[in-house]
Structures are given as structure tokens and as C-alpha cells.
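A look at the structure
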Amino acid sequence: MKRMMLVLAVLVLFAGSAFAQGTIKIGGIWTLADITGKQGSAAAQLAVDEINAAGGVLGKKLELIVVDDEGKADKAAAAVEKLATVDKVDVFIGGMASGAELGKIPAFKKYGKVVMSTGAAGSATVEKALGPSPESDFYFHLHPWDYNQGASYAEGWDAIQKKYPQIQIKKIFLAYEEGAFGKSSWDATKVLFGSDKRYTIDGASFKSALLGGGDYTAVLEAAKAFKPDLFIWAGYDADALPMLEQAKAMKFSPGIYLGAPPGWPIGFGSSKLARNVMLYGMWSPAINDINQVSAKFYKNYIAKYREEPATYFAPLAYSAVYIVAEGIKAAGTTETGPLVKALEQTKYVSPLGEVITFKPSNIIKHQGITRQKILQWQNGIQEVIWPFETATAEPVYPFPAWK
């Protein structure tokens, strides 16, 4: 009996040692050719390094394994399969484009592991494919859905026009990339602004430079002929500078020129073309002055990568890792059921300037952030214009005419 007890004790000790020496594997899927994927994956690795340096989670180190989905649905689906079967990851994070995210959903459902999504705003495609609770309870969506974003934009422009009477918007034109992201933006814009008799809406699509396009002549000519008070383009970082160059060439300068890509090119603010361009987003370095978590993230990111985070997908991915790590710690496991319950109690003070919790959205049970910000490039810096409680500057209006 004593010998048996000794053997059992050794086995328990060995099992505990093996558990402590193991790793918790996080599968990250991003479009690495886009700034959002490049910096999002880098920020996620930064969070992993910080957590490991502080002792890891449950006596284990975190390991981030990244796969490039190339912005394509089939590549994204293959990435999930590879991470689940070859790398045997415990949880998934990442994502940006709705089209690519849509390709992942059947595989996500197949394996049933917790997903902490940092992208995919298309409700009519991605959220619909996920389906209601409990079918989609494994899926935690950090990024606002298109209708969340649209509602916050409408609220923001109403507040801005009330506070700054010189800014008046009656005509809105949306130039949107022809993929799922752009089309969902156009559908949301028509619903939110088109139903308001104060606004007249028009729009046209273009092929993004990210997907082999780059000629914006037709869409800009249509916008110029419409004479909008607010011109918005919804595409990717690769479209930012060439679209401005072509707008300048044809002397198109609306009252407000606003870009709505998931991320901006590194160094965009230093370009003369960037002067007073507005944007939608969830974070900017200006938030460092009012948020200690943002300041810490920003400082550590630059120290590690020697470049400035140029997209809110960086602090969003950073937050995703910390939320997952805290959830695993609270649950004591990576098993889906207990981990889901632990993540439902999340109250994460994020670098994005808000405390992240999860509440039901129109379809799924676990929606994180529901509000975006209106910002403006001023003197090379993204200043927050609205919400006013986190504003770092007043708007410069109108967008200057091209010389």
C-alpha cells in the first residue's frame, strides 16, 4: 500500500510538473500584408511577452502562433484548420476583413474553441452566419458591428454640428471598396443616414489597392459631381495616399474629407496630403495623455518594434490577448464551457480608453466595444474630435482646397 501511494504521489507530481512546463497556445489569424494585420499580430506578441515576463498563466507560458489569411475566405478557413489540427491551439484571436472572417466560421464552429475576434464589422454576413446563442457563444466579438459604428457616427455628427454651427452636413457621399467590408459600410450608411430627411446620400464602389486595384478616378469623379459636404471612403490602408493624390489632381476638396480604413499607413500623418483629413477609429496616440494603459502600451510597442502603432487594431489585439489570459486564469482552464463563463465577467481596463465588457448584440451574446470615435489628422497627429469627454482638439473646418 505504501509503495502504491508513493507511485501515485510521483505520478501526481509529474503531472503537475508537466502542466506547469507546458504552454497555452493562442492561434492568431490576420491579413499580414495590411497594416492592421502586421501591427495587430505584433501587438498581440507584445502582450504575450509581457504576460510571460510576469509569470504566465496558470503556471504556463503563452505561445502565439500566427497564420496569414491574405484577406481571403479560403485562406482564412485553411488557417483555422491548420491551427486547430497541426498546432493544436487552445483559443483563437485576430481577424479584420469581414470576407475573410466569414470563411473561418464553419471551421470555428467545427472545433468549438473560444474565439476573441478583433475585426469583422459585417453584421449581415459574419454575425448572421454565427447565429444566435447558444450556437455562437464561443465567439467574443471585440470590434463594433457596422450598425454599432453607424449609430455612433450619427450620434457624433449630430453632436458636432450642434456644438460647431459652422459645420453643416446635408449631402454625404460614400466611396466603398467592392468587398464585404465596403458593401456592409454602404448598406449601413444608407440605413442610418438615408432614412434621415436631413441628409441626401450617394455612393459608388472601387477596387481596393489591397486587392489589386488603385484607380479611383471614376468614384472620385462621381463624388465631385455630387458635391458632398461629407465625403467618406471605406477601404484599406493601401488606398489612403493614392486616393488623396488622385483627389488633389482633380481638385476635389469637400467640406469634410474622411477616411474609414481599419488602419492607416505608417507615417501617413507626416504627408502633406494628410492635413486635416478626418477619420473614424477607436484609438490614437493622443489618448496616451488621458489613459495610463494606453501610454504603457504605446511606450512598450515602440521600444519593441521601433515604430509607432498606426492602427487601432494594435491596441485591440493587445487587449484581446490580455482578456483571454485573464479569462483563462479565472476559469482555471482553456476548456470552452468554463472559459466562456469566465470571459462573460470581463471588465478589462483597455488602452482604447474604455472598460471592455461583453453584452448581447443584435444576434450574438458576446459583443464588446460598440462605439467608435471621430478624429482628425492635425499637424501629423490623430486628434480626438468626438466624443467630447475624450476630445484632444477642436475640429479644423473646412478641409482645405488643394493648391
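Just above, that's the structure.
Described in the following lines is the structure provided in the data block. Everything numeric in this text was worked out from a predicted model, so none of it was measured.

Once that is clear, we can look at the pairing of strand 14 (residues 381–386). Put simply, side chains in a regular strand alternate between the two faces of the sheet. Of all 6 residues making up strand 14, 5 are buried, and the element is well covered by its neighbours. Here strand 13 (residues 373–378) runs beside strand 14; their pairing, made up of 5 bridges, is antiparallel. Each bridged residue has a counterpart across the sheet, and for Q378 the counterpart in strand 14 is I381. Turn length for the strand 13-strand 14 hairpin, with the two strands adjacent in sequence and antiparallel, is 2 residues, and the turn residue N379 shows positive phi of about 55 degrees.

Scanning the entire structure with this criterion turns up 3 cavities of 30 Å³ or more. As a volume, the largest cavity reaches approximately 360 Å³. Forming the boundary of the largest cavity are 26 residues, of which Q149, Y153, F181, S185 and A260 lie nearest the centre. Elements with a minimum of two residues in the lining of the largest cavity: helix 6 (146–163), helix 7 (180–194) and strand 8 (230–234). Considering every element that reaches the lining of the largest cavity, the biggest residue donor is helix 7, with 7 residues. Here the residues of the lining of the largest cavity sort into 18 nonpolar, 7 polar and 1 charged. P261, P262, W264, L279, Y280, G281, W283, A310, T311, Y312 and Q382 together form the lining of the second largest cavity. Residue contributions to the lining of the second largest cavity peak at 3 residues, all from strand 10 (residues 278–281). Looking at side-chain class alone, the lining of the second largest cavity contains 8 nonpolar, 3 polar and no charged residues.

The next point concerns the pattern of salt bridges. Per the stated rule, a full pass over the model turns up 15 salt bridges. Linking K104 and D69 is a salt bridge whose minimum nitrogen-to-oxygen distance equals 4.0 Å. Highlighted residues: K104 in helix 4 (residues 98–111) and D69 in the loop between strand 2 (61–68) and helix 3 (73–85), separated in sequence by 35 residues. For the pair shown, K104 and D69 are each scored as buried. In this structure, E70 engages K72 in a salt bridge whose closest nitrogen and oxygen atoms are separated by 3.9 Å. A network of salt bridges, in which partner residues are shared, links D69, E101 and K104.

Bringing the packing of aromatic side chains into the picture now. Scanning the model with the defined rule gives 28 aromatic pairs in all. Ring geometry for F231 versus Y257: centroids 5.2 Å apart, planes at 50 degrees, classification tilted. Of this pair, F231 sits in strand 8 while Y257 sits in strand 9 (residues 256–259), placing them 26 residues apart in sequence. Where W233 meets W264, the ring centres are 5.8 Å apart and the plane angle is 75 degrees; that geometry is what we call edge-to-face. Of this pair, W233 sits in strand 8 while W264 sits in the loop between strand 9 and strand 10, and the two are 31 residues apart along the sequence. W233 sits in the buried class, given a relative accessible area of 0%. By way of ring pairs, the aromatic residues W283, F297, Y298, Y301, Y305, Y318, Y322 and Y348 are connected into one cluster. Between the NZ or CZ atom of K163 and the centre of the ring of F388, over which it lies, the distance is 4.4 Å.

Within the secondary structure, S136 is located in the loop between helix 5 (123–130) and strand 5 (139–141). Judged by relative accessible area, which is 1%, S136 ranks as buried. At 2.6 Å, the side chain of S136 and the backbone oxygen of G131 are in polar contact. Among residues more than four places away in sequence, those in contact with S136 are L130, G131 and I364.

Time to look at the sheet that holds strand 5. The strand order across the open sheet built from 5 strands is 2-1-3-4-5, with neighbouring strands paired in parallel fashion. Every interior strand has two partners, whereas the edge strands, strand 2 and strand 5, have only one. Each strand of the sheet is rotated relative to its neighbour by a mean of 20 degrees, with strand direction disregarded. Relative to strand 4 (residues 115–117), strand 3 (residues 91–94) runs parallel, the two sharing 3 bridges. Paired with I93 across the strands is M116, a residue of strand 4.

With that out of the way, let us pick up the nonpolar core. Counting residues in hydrophobic clusters, the biggest one holds 106 residues, and the most contacted among them are M116, W157 and F231. In terms of residue count, helix 11 (residues 313–331) provides more of this core than any other element does, 12 residues in total. Once you skip the residues sitting within four places of it in the chain, M116 turns out to touch F92, I93, G94, F140, L142, A320, I323, V324, L343 and F358. Listed in part, the 20 residues of the second largest apolar core include L83, I105, F138 and I364.

All right, on to the pairing of strand 2 then. With 8 bridges connecting them, strand 1 (residues 23–30) and strand 2 associate as parallel partners. Within strand 2, the residue paired with I26 across the bridge is L64. Chirality of the crossover, the property in question, places the unit of strand 1, helix 2 (residues 35–53) and strand 2 among those that are right-handed.

Each value, and the rule that gives it
Residue numbers run consecutively from 1 along every chain, following the written order of its sequence. At least 70 in pLDDT is required for a residue's local features to be given in this predicted model, at least 80 for side-chain atom pairs to be given and counted, and no such filter applies to totals for whole chains, interfaces and linings, which use all residues. Where side-chain values are given, they derive from all heavy atoms of the structure, hydrogens and water being excluded. Relative accessibility under 20% of the residue-type maximum defines a buried residue, over 50% an exposed one, and the middle range a partly exposed one, all with a 1.4 Å probe and only protein chains included. Under the DSSP-based scheme used, a helix requires at least four consecutive residues in state H or I and a strand at least two consecutive residues in state E, with every element numbered from the N terminus. Should DSSP find at least two bridges between two strands, the strands are regarded as paired. We place a 1 Å grid over just the protein atoms. Points where a 1.4 Å probe fits but has no way out form a cavity, open points with protein on both sides within 12 Å along at least 5 of 7 lines form a pocket, and any residue with an atom within 4 Å of a point lines it. Grid points are joined across faces, edges and corners, and a volume is the space filled by probe spheres set on the points. Throughout this entry, Asp, Glu, Lys and Arg are counted as charged residues, while Ala, Val, Leu, Ile, Met, Phe, Trp, Tyr, Cys and Pro are counted as nonpolar. The remaining residues, Gly among them, count as polar. Salt bridge criterion: a side-chain nitrogen from Lys or Arg within 4 Å of a carboxyl oxygen from Asp or Glu. Two rings from Phe, Tyr or Trp (for Trp, the six-membered ring) form a pair when their centres sit within 6.5 Å of each other. Planes less than 30 degrees apart are called stacked, planes more than 60 degrees apart edge-to-face, and all others tilted. Two limits define a charge over a ring: the Lys NZ or Arg CZ must be within 6 Å of the ring centre, and within 35 degrees of the ring normal. N or O atoms within 3.5 Å of each other form a polar contact, as long as, within protein, one can give a hydrogen and the other can take it, and as long as residues adjacent in sequence are counted only when both atoms are side-chain atoms. In this description, contact between two residues means that some pair of their heavy atoms is separated by no more than 4.5 Å. Every axis corresponds to a line fitted to the C-alpha atoms, with the helix fit spanning only the stretch in contact, and the corresponding angles, defined between N-to-C directions, vary from 0 to 180 degrees. For our purposes a nonpolar core is just a set of buried Ala, Val, Leu, Ile, Met, Phe, Trp, Tyr and Cys residues, chained together by side-chain atoms within 4.5 Å. Crossover handedness is defined by viewing with both strands directed away from the observer: a clockwise path from the first strand over the helix to the second marks the crossover as right-handed.

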